[in-house]
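Coordinates in review
Read off the chains here:
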Amino acid sequence: MRVITGTARGRKLAALEGVEVRPTTDMVKEAMFSILQFEVEGANVLDLFAGSGQLGIEALSRGARACVFVDSSRDSQNITRQNLQHTGLSSAARVAAMDYAAFLRSTKDTFDIALLDPPYEKGLAADALPLLVGKMSPGGAILCETRKGEPMPERVGEFAIHRTYRYGKIALTLYRRAEEEREEAEG
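The structure contained in this document is the topic of the report that follows. (Residues numbered from 1 in each chain as written. Predicted model: local features only at pLDDT ≥ 70, side-chain atom pairs only at ≥ 80, totals over all residues. Heavy atoms only, no water.)

**Some remarks on the overall build of the protein chain**
A count of helices and strands for the protein chain gives six helices and eight strands. In sequence order, the secondary structure elements of the protein chain are arranged as α-β-α-β-α-β-α-β-α-β-β-β-β-α. Taking 2.2 N^0.38 as the reference for a compact globule, 187 residues should give roughly 16 Å; the C-alpha atoms of the protein chain span a radius of gyration of 15 Å, in line with that estimate. Classification of the 187 residues of the protein chain by burial places 50% in the buried group. Contacts in the protein chain between residues far apart in sequence, at least 24 positions, make up 62% of those at least 6 positions apart. If you sum the accessible surface of the protein chain, you get close to 9,100 Å²; carbon and sulfur atoms cover 47% of it. If you average the places of the 24 positive and of the 26 negative side-chain charges in the protein chain, the two averages end up 4 Å apart. (Helix = DSSP H or I, 4+ residues; strand = E, 2+ residues; numbered from the N terminus. Rg over C-alpha atoms; globule rule 2.2 N^0.38 Å. Buried < 20%, exposed > 50% of the residue type's maximum accessible area, 1.4 Å probe, protein only. Contact = heavy atoms within 4.5 Å. Areas by Shrake-Rupley, 256 points an atom, 1.4 Å probe, with all protein chains shown as cover. Lys, Arg positive; Asp, Glu negative; His and termini not counted. Charge placed at Lys NZ, Arg CZ, Asp CG, Glu CD.)

Structure follows, in C-alpha cells:
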C-alpha cells in the first residue's frame, strides 16, 4: 500500500493485519481520486472509518487543505498517526478517536469531501449518511466504498446518488446534492 501521487508520492503506508482489515486497493483508490480529481485541492476532507488513513493521506498528498480521520479502533488510530508522521502530513490532519456516529453528532466541522470505507456488508455507510449530509459544504461530494450489491439509499436528505462505479467486487457510490444533479442535467 502506497501513496499514489502528490507530495508524498511513492511513500509506503503501514496497514493493520487481520481478517477485519481490508485496505482499499491501489486500483480502487486511483479510481476514487480520478472521480474527485478537480475537487481535492484546497478541500476540507473527512476520512470516515479511516483504518490506516490511506484515503485521507492520499487527499492531503494531492493538495487537500485538511483532513479529519475518524476511527473507533485504537490500533487504527495509531497506524493512521504513524502513516501521517511517515508522509510528513501530520500538520494538516486531525485523528478523532471515536465512533463514526458520535463524531458526526458532535462535530462542528463542514467538509467538502467525505470518503467512507467501512467494513463491508454491515450497513455502516448507509447508517452514516443521514448523520453526514448536514456536515457537508454546499458543493460537497460523498464517496462510499462498499461491496458490489450492498444496498445504498438512492437519496439521503438533499443528497442523491450521482453515479455508481464498479470495480470487480467493489462499488463506489458518489453522492451530490440533488439540486446540483438538476443543474448539471439542464446545463
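After that view, the rundown keeps rolling.
**A word on the nonpolar core**
Met32, Leu36, Val45, Phe69, Leu115, Leu143 and Leu172 are the most contacted members of the largest nonpolar core, which totals 32 residues. With sequence-adjacent residues up to four places away left out, Met32 is seen in contact with Thr24, Leu55, Leu115, Leu143, Glu145 and Leu172. By size, the runner-up hydrophobic cluster in this structure holds 27 residues, among which are Val68, Ala101, Phe103 and Ala114. (Core = buried A, V, L, I, M, F, W, Y, C linked by side-chain atoms within 4.5 Å.)

**Looking at the environment of Arg11**
Structurally, Arg11 is set in the segment before helix H1 (26-35). For Arg11, a relative accessible area of 37% translates into the label partly exposed. Sequence separation between Arg11 and Val68 is 57 residues; the distance between their C-alpha atoms is 20 Å.

**A word on the environment of Ile35**
Summarising the element assignment, Ile35 is placed in helix H1. A C-alpha to C-alpha distance of 24 Å links Ile35 and Asp71, two positions 36 residues apart in sequence. Those residues in contact with Ile35, other than ones at most four positions away along the chain, are Leu143, Tyr165, Leu172 and Leu174.

**Some remarks on the pairing of strand E8 (residues 170-177)**
Burial runs high along E8: eight of the eight residues are buried. Bridge count between strand E5 (residues 136-147) and E8: six bridges; the pairing is antiparallel. Looking at E8, one finds that Arg147 is bridged to Ile170. Bridge count for strand E7 (residues 159-167) against E8 is eight bridges, and the pairing is antiparallel. By the bridge assignment for E8, Phe159 is matched with Arg177. What sits between the antiparallel neighbours E7 and E8 is a turn of two residues, in which Gly168 has the positive phi angle 60°. (Pairing = 2+ DSSP bridges.)

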